[in-house]
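Residues per chain, in single letters:
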Amino acid sequence: MSASEAVTDALRELHARFAGVDEGRQADYIPELTRSDPDDFGLALVSMDGHAYSAGAADTPFTLQSVSKPFVYALALAALGLDEVSRWVGAEPSGEAFNAISLEPGTGRPANAMVNAGAIVTTALVPDSREEPAFGRILSCLSRFAGRKLDVDEDVHGSEAATGDRNRALAYLIRSTGSLPVDPVQAVDTYFRQCAVRATAVDLAVMAATLAYGGVNPVTGERVVSPEVAAQVLAVMATCGMYDSSGDWLLRVGLPAKSGVSGGLLAAGPARFGLAAYSPLLDASGTSVRGRAALGALSERLGLHLMRNPALPGSTVTLVTTADVLPSAPTGRLARALHERVGVVAAQGALDFTAAERVLYALDESGSEDGGPVVLDLREVTGADSDALVLLHAGLSRLAREGRRAAVVDPGDRLGPPDLLRERTGQDLPRFGSREEAAEQCARVLAGPG
Ligand SMILES: NC(=O)CC[C@H](N)C(=O)O
């Protein structure tokens, strides 16, 4: 027993709540998929620290099917870049079923990489050579996302290959418009193989967590794709990942997600969690019924809806205090100057652009009305990203130009090394080790000699 078992308990609770739902049906157009157990139901959650939690049949293998699509899209984006990939496949929600003929009028370009038409094209874009065949690249990419070596369910692959005329027809249609750069039969076969790659709900949660963590697998620590590619994939999952129910899903659940007809479903809470479910009974749009219900409830419970107040106040706090909180306030003229005219702004946590804006606003608000000196205390700051630094430097440089004295308490060099700071702010900002020392020095300047 341990404290974090409480997370597992939360998953178990959701599992118990939805295990009895028996609506929906297994996909049978790929005959082999009907061999899955309709009662199987697994849930998994992986944090950005790589902690994994699960309930139910979370270690039962099933084939990825369409859950493979965003990850192969990531591979194509990493190899060719967004502009080149976008020449061949769009990024507009089709509003149609996964197997519809969703092609742009005129160009024949598939609407997006999440529907079959677009996924076949995406797969065809993966570089293919004798030394490194496309499918080898795909399998190794999927494995890196999952953090372990995945394999192919040959029976499911054979079953889809034997019955997949609709996808082959789609591929021929796309090639007839000039939007498929390779042989349709070969492209579709590689696509069927990627759909037949086997994984578990825990694997899916790790894969989702890797996208949520900016392309780094939080379990293995390996960078699988760049932060740009991870963001591009999540964006297309958010608008197109659930086919003709993408809008409703984004409205209610509020997360980028991808479903597959074998019953797998994953969702990514950016910078928070990867979530996954497995349950083979599907609704009309090909989404696991229990999976949809459980991930929806989980998103609500964890407050993951993307549009819901994403920048929570308190993750980084800045505050304006007056110098009278200082323990060792000196007396006389110095004390008065210190109490009345020196402002102190303290920031905590990790600073991004949003937090930096609050710091600058607090600097403006701090101190006396005639713009007395201000002390910026960064001792509790754990880091500042480059956008935050550029803004902070620019803000401090403006203060200096307006003739307002500022001093920083920055023993950890959160504002960058002194040289960089001088270059960016055009001045030598006085730096101190403690807030008291900084405030007292500022007060001395105000109080004048004597
Ligand atoms: N939605 C899905 O999971 C579809 C994948 C399946 N292999 C197909 O192409 O029909």
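Residues numbered from 1 in each chain as written. Predicted model: local features only at pLDDT ≥ 70, side-chain atom pairs only at ≥ 80, totals over all residues.

Student: I would appreciate a short explanation of the overall build of the chain in the present structure.
Tutor: The helix and strand inventory of the chain stands at 17 helices and 13 strands. Along the first, second and third principal axes, the C-alpha atoms of the chain reach 95 × 50 × 35 Å. In the chain, which comprises 450 residues, the proportion classed as buried is 50%. (Helix = DSSP H or I, 4+ residues; strand = E, 2+ residues; numbered from the N terminus. Buried ≥ 20, exposed ≤ 12 C-beta atoms within 10 Å, placed from the backbone.)

Student: Teacher, can you tell me more about the environment of arginine 35 here?
Tutor: By secondary structure assignment, the location of arginine 35 is in the loop between α1 (5–18) and β1 (42–47). Residue class for arginine 35 comes out exposed when judged on the 11 C-beta atoms lying within 10 Å of it. For the pair arginine 35 and valine 156, spaced 121 residues apart in sequence, the C-alpha separation works out to 9.9 Å.

Student: Whenever I open this one, the pairing of strand β7 (residues 264–269) confuses me. Can you help?
Tutor: The two faces of the sheet receive side chains in turn, since in a regular strand these alternate between them. Judged by how many residues are buried, β7 sits mostly within the fold: six of six residues are covered. Burial of β7 is two-sided: the residues Gly264, Leu266 and Ala268 facing one way and the residues Leu265, Ala267 and Gly269 facing the other way are all buried. Bridge count for strand β6 (residues 257–259) against β7 is three bridges, and the pairing is antiparallel. Across the sheet, residue alanine 257 finds its bridge partner in β7, namely alanine 267. Counting the residues between successive antiparallel strands, the hairpin from β6 to β7 contains four residues, one of them, glycine 263, with a positive phi of roughly 115°. The pairing of β7 with strand β8 (residues 273–278) spans six bridges and is antiparallel. (Pairing = 2+ DSSP bridges.)

Student: Any chance you could explain the UniProt feature "binding site: substrate" (unreviewed entry) in the chain here in plain terms?
Tutor: According to UniProt, the "binding site: substrate" (unreviewed entry) feature falls on Ser66, Asn116, Glu160, Asn167, Tyr191, Tyr243 and Val261. Considering the arrangement of structural elements, one finds asparagine 116 in helix α4 (residues 116–125). With 25 C-beta atoms packed within 10 Å, asparagine 116 lands in the buried category. What asparagine 116 contacts, discounting residues up to four positions off in sequence, is Phe98, Asn99, Asn167 and Leu170. With respect to the helices and strands, tyrosine 243 occurs in the loop between α10 (227–240) and α11 (246–252). Take tyrosine 243: there are 26 C-beta atoms within 10 Å of it, and that puts it in the buried class. Here tyrosine 243 is in contact with Ala97, Phe98, Met114, Val115, Ser285 and Gly286, once residues within four sequence places are set aside. (UniProt positions renumbered as here; feature names shortened; annotations may be inferred. Contact = placed C-beta atoms within 7 Å.)

Student: How should the domain arrangement of the chain be read in this particular structure?
Tutor: The accessible area lost on association of the parts is a frequent measure of interface size. You can read the domains of the chain as domain 1 (5–302) and domain 2 (318–447). For domain 1 versus domain 2, the separation of C-alpha centres amounts to 49 Å. (Domains from an automatic or database assignment.)

Student: I'm lost on the sheet that holds β1 in this one. Help?
Tutor: Strand-to-strand pairing in sheets goes through backbone hydrogen bonds, with the strands running parallel or antiparallel. Overall, antiparallel pairing links the five strands, which are arranged β2-β1-β8-β7-β6 in an open sheet. The sheet terminates laterally at β2 (52–56) and β6, the two strands that pair on one side only. Between one strand axis and the next, the sheet turns by 10° as a mean value, whatever way the strands run. (Axes fitted to C-alpha atoms, helices over the stretch in contact; angles between N-to-C directions.)

Student: Looking at this structure, I do not really get the site of the ligand. What am I missing?
Tutor: Taken together, Gln65, Ser66, Phe98, Asn99, Asn116, Glu160, Asn167, Cys195, Gly260, Val261 and Gly286 are the residues near the ligand. Its residues placed into classes, the shell around the ligand shows three nonpolar, seven polar and one charged. (Near = placed C-beta within 6 Å. Nonpolar A, V, L, I, M, F, W, Y, C, P; charged D, E, K, R; others polar.)

Student: What's the story with the environment of phenylalanine 71 in this structure? I'm lost.
Tutor: With respect to the helices and strands, the residue phenylalanine 71 is situated in helix α2 (residues 69–80). On the basis of neighbour counts, which here come to 24 C-beta atoms within 10 Å, the residue phenylalanine 71 falls in the buried class. Along the backbone, phenylalanine 71 and serine 259 are 188 residues apart, and their C-alpha atoms lie at a distance of 13 Å. Not counting the four nearest positions on each side in its chain, phenylalanine 71 is found in contact with Cys141, Leu142, Phe145 and Met207.

Student: I'm lost on the nonpolar core in this one. Help?
Tutor: For soluble globular proteins, the rule of thumb is that nonpolar side chains tend to be buried together. Among the nonpolar cores identified, the biggest contains 106 residues, and Ala44, Ala205, Ala208 and Leu266 are the most heavily contacted of them. For this core, the element with the highest residue contribution is helix α9 (residues 201–212), accounting for 10 residues. Setting aside chain neighbours within four positions, we find alanine 208 in contact with Leu266, Ala267, Ala268, Gly274, Leu275 and Ala276. Within the second largest apolar cluster, 32 residues are counted, among which are Ala356, Val359, Cys442 and Ala443. (Core = buried A, V, L, I, M, F, W, Y, C linked by C-beta atoms within 7 Å.)

Student: In this structure, what is going on with the sheet that holds strand β3 (residues 62–63)? I would like to understand it.
Tutor: Spatial ordering of the open sheet is given by β3-β5-β4, a layout of three strands whose pairing is antiparallel. A strand with exactly one partner marks an edge of an open sheet, and here the two such strands are β3 and β4 (151–152). Bridge count for β4 against strand β5 (residues 197–199) is two bridges, and the pairing is antiparallel. By the bridge assignment, aspartate 151 is partnered in β5 with arginine 198.

Student: Explain unusual backbone geometry to me, please; I cannot follow it from the model alone.
Tutor: Positive phi is not limited to glycine here, since tyrosine 243 has a value of about 55°. The phi angle at alanine 271 is positive, at roughly 65°, despite the residue not being glycine. Within the element layout of this structure, alanine 271 appears in the loop between β7 and β8.

Student: So what exactly am I meant to see when it comes to the environment of serine 279 here?
Tutor: Position of serine 279 among the secondary structure elements: in the loop between β8 and α12 (289–302). Residue serine 279 is classed as buried on the basis of its C-beta count, with 32 C-beta atoms lying within 10 Å. Note: C-alpha distance between serine 279 and alanine 57 (222 residues apart in sequence) is 8.7 Å. In contact with serine 279, other than residues within four places in its own chain, are Asp40, Phe41, Gly263, Ser288, Arg290 and Gly291.

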